[in-house]
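Structural characterization, general
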Amino acid sequence: MTAPTLEIHLTDDDLTAALRSDARLGLSSTPKWLPPKWFYDARGSELFEAITQLPEYYPTRTERALLERVVGEIARIAQAEVLVELGAGSAAKTRLLLDALSSGGPLKTYVPQDVSVSALRGAAEQVGVEFPGLAVHGVVSDFTDTLHNLPRGGRRMIAFLGGTLGNLVPAERAEFLSGIQEVLEPGEQLLLGAGLVISPDVLVPAYDDAAGVTAEFNRNVLHVLNSRLRADFDPDGFRHVALWDAENEWIEMRLEATRGMTATVADLDLTVHFDAGEQMRTEISAKFRIDGLTAELNAAGFDTEQVWTDPDDRFALVLAARR
């Protein structure tokens, strides 16, 4: 077995600088907002893993069941020599793809990408043990602005699963998809996982569970600001809000101040005031219609090769090739 390699393009100092920039901009805006990527310190990752096990939270298990059903078709069409996974994390679902792509196929290399050095190192080592004939080349970076750091060579398929595309507003999605198109060669592919528009009666509880785990996850962004930027937010003073925006067809998660509050962010020399009832957006999770999603891919320079959906049409996997 060849030892996995790790290529680092994002340091803790880089992450802190990005957090400082996002916090200053978002907390000074009207209305206030924070990007969802700052949920994810060690505690945030644990909470999200717990969310994926909740009865209300259907996306993770629906995508996995769909992937299990169609992964053979994906491998047959793709014939990938290199699998690149954006936001790999623990690479749990990826093993389905690795199994299918390497079973008599041309797969030679797995390239997991993530912002977390520890998560990526652990995943790379585990995959190296389970697939000893596979070269593993980890890339520590932020997928939104370091796509150019992905290694080239061999017929590549980039996998972006989990519905994470929905965390980007339309302009950000267009920029992101165009960025992927630019780093791929003609004929190389993108495998995209996306949540579909369904009844709000199912959607909203998935982001506002009865046990309150998602509420704690949402408030974790304030714990991150407290620990990373020496802020003094009172997370318990904020109520979790999840609502369906029918016009934009996305779920919004917000934190609502239960009383008037003032917090300081020492590292930014910033004072932030919240009126009672004031809301701060912490995440959007856009849901898609197949026609709209394939149109976005087409506009970014991709031709859709195949679309698979689960029996309830809650989630889609789309395989598209760069023109």
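Residues numbered from 1 in each chain as written. Predicted model: local features only at pLDDT ≥ 70, side-chain atom pairs only at ≥ 80, totals over all residues. Heavy atoms only, no water.

1. Regarding the UniProt feature "binding site: L-histidine" (unreviewed entry) in the protein chain
- As annotated in UniProt, the feature "binding site: L-histidine" (unreviewed entry) corresponds to Y57, N167, Y207, E283, I284 and S285 in the numbering used here.
- Assignment of secondary structure puts Y57 in the loop between α2 (42-51) and α3 (59-78).
- Given the relative accessible area of 7%, Y57 is considered buried.
- The residues contacting Y57, other than those within four sequence positions of it, are F48, I51, T52, A206 and Y207.
- With respect to the secondary-structure elements, I284 resides in strand β11 (residues 279-286).
- Judged by its relative accessible area of 3%, I284 is buried.
- The contact partners of I284, leaving out residues within four places of it in the chain, are G166, N167, L168, V169, W250, I251 and E252. (UniProt positions renumbered as here; feature names shortened; annotations may be inferred. Helix = DSSP H or I, 4+ residues; strand = E, 2+ residues; numbered from the N terminus. Buried < 20%, exposed > 50% of the residue type's maximum accessible area, 1.4 Å probe, protein only. Contact = heavy atoms within 4.5 Å.)

2. Some remarks on the UniProt feature "binding site: S-adenosyl-L-methionine" (unreviewed entry) in the protein chain
- Mapped onto this numbering, the UniProt entry gives "binding site: S-adenosyl-L-methionine" (unreviewed entry) at G87, K93, D114, D142 and F143.
- In this fold, K93 is placed in the loop between β2 (82-85) and α4 (94-102).
- Once residues lying within four places of it in the same chain are set aside, the contact partners of K93 are E63, R64, L67, L161 and G162.
- Polar side-chain contacts of K93 include one of 2.4 Å to the side chain of E63.
- Along the polypeptide, F143 turns up in the loop between β4 (135-140) and β5 (156-160).
- In this structure, F143 is in contact with L86, Q113, F160, T164 and F176, ignoring residues within four places of it in sequence. (Polar contact = N/O pair within 3.5 Å; in protein donor to acceptor, adjacent residues only side chain to side chain.)

3. What to know about the packing of α2 against helix α8 (residues 213-229)
- Between α2 and α8, whose axes approach to 9 Å, the crossing angle comes to 155°. By the angle between their directions, the pair α2 and α8 is classed as roughly antiparallel. When the axes of α2 and α8 are compared, the crossing they make is left-handed. Seen from α2, the contacting residues are R43, G44, L47, F48, A50 and I51; seen from α8, they are V213, T214, E216, F217 and N220.
- Tallied by class, residues from the contact of α2 with α8 come to six nonpolar, three polar and two charged. (Axes fitted to C-alpha atoms, helices over the stretch in contact; angles between N-to-C directions. Parallel < 35°, antiparallel > 145°, perpendicular 65-115°, else oblique. Left-handed = near helix turned anticlockwise from the far one by under 90°. Nonpolar A, V, L, I, M, F, W, Y, C, P; charged D, E, K, R; others polar.)

4. Observations concerning the pattern of salt bridges
- Under the criterion given, the structure shown has 17 salt bridges.
- With its nearest N and O atoms 2.9 Å apart, the salt bridge here joins R173 to E296. On the criterion of sequence distance, the pair formed by R173 in helix α6 (residues 170-183) and E296 in helix α9 (residues 290-299) is long-range, its members being 123 residues apart.
- The exposure class assigned to E296 is partly exposed, which follows from its relative accessible area of 23%.
- Here the residues in one salt-bridge network are E252, R254 and R281, joined through shared partners. (Salt bridge = Lys/Arg side-chain N within 4 Å of Asp/Glu carboxyl O.)

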